[in-house]
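Inside the fold
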Amino acid sequence: MNSTDGFNASSKVLRVGMVGLGMIFDETYKPVFLDLAHSPLYSPATGPVDVRWTAAASRTGSRGRNYLQQLKNIIPPFENCHGDDSIQKLLASGVDAVCVATPDDRHFEAAKIALLSGKHVLIEKPSVLSLAELEQLQEIADQKKVLAKVVYHKLADPDHKKLRTHYADNIFRHINNGYCSLLEPKQISGKQFAEWIVGRNPGTYVAVHYIKLIDFTFGSSSVIPGWELTRVSATGQRGLVGSADGSTWDSCQLQVTYRHPDNREATFDIHTSWVMPDNFPGYVEQEVQFRFDNAIWNAHQRKRGVEMAVENRTPDEMKNTPNYHYNGSFLEPWGKRSQRGYGLEVIRRFFEEVSFVEFAGPSSSRQERLQEMRGLTYNDLSADRNTVAIVQAMEAILAEQAKGNPGCQVLVNGPDGGLVLYKPGKIERVVLHSSRV
Ligand SMILES: NC(=O)c1ccc[n+]([C@@H]2O[C@H](COP(=O)([O-])OP(=O)(O)OC[C@H]3O[C@@H](n4cnc5c(N)ncnc54)[C@H](O)[C@@H]3O)[C@@H](O)[C@H]2O)c1
């Protein structure tokens with residue numbers, strides 16, 4: 001259907017504002033909005049809900065102008081807000097929910113102002129970079145009685161769902177250790193993020209996917225609860241993206257340790273980089289191995305079966321080993337073109353959760369519906385404490401290394417506070433967060 005009016009089938013309308021129109025918007029949010037423009041969300045509890053992308057905020061507005069042109073016969077126009085007060089303009093345009101997909105060190109301000117205006121908020125991973133920021137956002141969301149959620153699409157990957165299912169069903173017993181690796185091509189650090197990469201590291205950008213997977217699957221929000229995060233260490237390499245003694249990192253190795261209720265420990269190594277050759281046969285290189293008392297799990301995100309070669313197109317424009325499960329465009333057997341995958345599913349799911357709160361019953365029971373959706377630990381900010389703590393610890397350890405103090409370690413809920421950094425050979429310590437993680 002090609003209509004600038006949308007389907008207009010429902011009196012229940014959810015107007016969505018998008019902050020940041022970069023790569024992830026184009027890959028995942030845009031196809032979700034296009035799909036929703038022509039077919040309402042539906043559940044028996046809500047009936048049809050018309051989800052409309054009505055406003056965008058970005059710094060220059062140029063990407064917004066391009067999309068208005070590109071999509072002009074496909075969806076109704078959205079308000080294209082730009083400049084220093086672009087988010088205020090977006091909020092004033094009358095949206096009900098806001099999605100934040102700005103660079104990771106700019107999530108907090110955008111999410112805070114949207115929550116203060118009483119909007120439901122979805123933030124790209126990592127939600128924020130410190131526990132103090134996380135606590136502030138949660139407090140505002142509580143006061144304003146809205147949802148504050150974060151996107152971790154790896155939790156919706158069927159392979160990861162099965163991993164968690166096996167753990168929940170006691171097929172895999174007692175996680176002991178594991179490794180995860182996620183390597184991005186050079187074009188990410190060299191072109192895509194060149195504008196904001198100074199002082200940043202690939203760990204915060206991508207290790208966070210696996211930090212969350214581990215924490216959600218085996219940890220505090222797990223179906224088998226009760227373990228505690230105990231310590232974090234990290235190191236990294238510099239010299240390609242920035243100078244060898246600067247604060248911009250090429251690659252990063254993170255180690256995280258948890259303690260089970262039986263006092264046995266579980267440790268995970270997560271290796272990341274954004275300097276892999278651009279002619280690598282896949283978009284990213286990702287693999288994991290988890291070892292249990294009675295089992296081992298190996299998974300490769302790229303080598304799930306498809307391997308192809310096209311003259312003059314692979315491995316640059318097209319890849320030899322694509323991951324169609326995350327996000328793929330297809331000609332469906334019934335003739336339609338579609339774009340689908342767990343990367344899109346997880347965003348659509350947020351709109352379902354907001355619709356459930358707003359439209360699945362009378363306003364007198366809205367608070368109960370809100371609580372029910374907040375109880376979903378896979379995406380609620382309240383369940384992101386361990387992940388944010390690990391990110392905050394890793395950033396602090398790398399910052400110390402850049403100052404000439406490599407080998408620092410952060411202890412969690414130890415004798416000196418919630419998150420405390422210790423420097424090797426020095427009595428001095430830095431309290432990153434005083435209250436319990
Ligand atoms: N889920 C995933 O797998 C995945 C993949 C890539 C990126 N991301 C996340 O998405 C976020 C954005 O990444 P990206 O790759 O799209 O980045 P990008 O650099 O391609 O785009 C960033 C966008 O934010 C806008 N922006 C920057 N500062 C702003 C501000 N102060 N106010 C309003 N707009 C602002 C820019 O104009 C641009 O449109 C990051 O948090 C990243 O971690 C997630």
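The next thing to look at is the pairing of strand 3 (residues 47-58). It is a general feature of regular strands that their side chains alternate between the two faces of the sheet. Of all the 12 residues making up strand 3, nine are buried; the element is thus mostly covered by neighbouring parts of the structure. Inspection of the sheet shows strand 1 (residues 13-19) paired to strand 3 by seven bridges, in the parallel sense. Residue Leu14 lies in a different strand from strand 3, and its bridge partner there is Val51. Of the strand pairs in this sheet, strand 2 (residues 41-43) and strand 3 are connected by three bridges, and their pairing is antiparallel. Counted as the bridge partner of Leu41 is Val49 from strand 3. Here strand 3 pairs with strand 4 (residues 79-82) via four bridges, running parallel. Within the sheet, the bridge partner assigned to Ala57 lies in strand 4 and is Cys81. With respect to chirality, the unit in which strand 3 leads through helix 2 (residues 62-70) into the neighbouring parallel strand 4 is right-handed.

So, about the site of the ligand. Close contacts around the ligand come from 24 residues, with Gly20, Gly22, Met23, Ile24 and Glu124 the closest. Contributing elements (two or more residues each) for the shell around the ligand: helix 1 (23-38) and strand 3. Here the element with the most residues in the shell around the ligand is helix 1; it accounts for three residues. Here the residues of the shell around the ligand are counted per class, giving 11 nonpolar, seven polar and six charged. In this structure, the shell around the ligand is formed jointly by two domains, domain 1 (13-153 + 336-374) and domain 2 (158-322), each of which donates at least three residues.

Helix 5 (residues 131-144) packs onto helix 4 (residues 107-116) with a crossing angle of 15° between their chain directions and a minimal axis gap of 9 Å. Comparing the axis directions of helix 4 and helix 5 gives the class roughly parallel. Judged by the sense of rotation from one axis to the other, the crossing of helix 4 with helix 5 is left-handed. Along the contact surface, helix 4 presents Phe108, Ala111, Lys112, Leu115 and Leu116, while helix 5 presents Glu133, Gln136, Leu137, Ile140, Ala141 and Lys144. Its residues placed into classes, the contact of helix 4 with helix 5 shows seven nonpolar, one polar and three charged.

What follows is about the domain arrangement of the protein chain. The domain boundaries assigned to the protein chain delineate domain 1 (13-153 + 336-374) and domain 2 (158-322). Contact residues are listed per partner, giving six residues for domain 1 and seven residues for domain 2. Looking at side-chain class alone, the side of domain 1 that touches domain 2 contains four nonpolar, no polar and two charged residues.

Cut-offs applied
- Counting of residues starts from 1 at the beginning of each chain's written sequence and follows it residue by residue.
- Selection of residues for local features in this predicted model requires a pLDDT of at least 70, selection of side-chain atom pairs for listing and counting requires 80 or more, and totals for whole chains, interfaces and linings are taken over all residues.
- To assign burial, the other C-beta atoms lying within 10 Å of each residue's own C-beta are counted, with C-beta atoms placed from the backbone; 20 or more indicates buried, 12 or fewer indicates exposed, and intermediate counts indicate partly exposed.
- Under the scheme used here, helices are H or I runs from DSSP no shorter than 4 residues and strands are E runs no shorter than 2 residues, and both carry numbers assigned from the N terminus.
- Any two strands between which DSSP finds at least two bridges are classified as paired.
- By convention, orient the strands away from the viewer: a clockwise path from the first strand over the helix to the second makes the crossover right-handed.
- Any residue qualifies as near a molecule or strand once its backbone-derived C-beta atom lies within 6 Å of it.
- Here the nonpolar group is Ala, Val, Leu, Ile, Met, Phe, Trp, Tyr, Cys and Pro; Asp, Glu, Lys and Arg are the charged ones; every other residue, Gly included, is treated as polar.
- Domain extents, as shown, originate in an automatic or database domain assignment.
- Axis angles are defined between N-to-C directions and span 0 to 180 degrees, where every axis is a line fitted to C-alpha atoms and, for a helix, only to the segment in contact.
- Angles are sorted into four bins: roughly parallel if under 35 degrees, roughly antiparallel if over 145, roughly perpendicular if 65 to 115, and oblique for all others.
- Crossings are sorted by hand: turned counterclockwise from the far helix by less than a right angle, the near helix makes the crossing left-handed, and turned clockwise it makes it right-handed.
- Contacts are defined on C-beta atoms placed from the backbone: any two residues whose C-beta positions lie within 7 Å are in contact.

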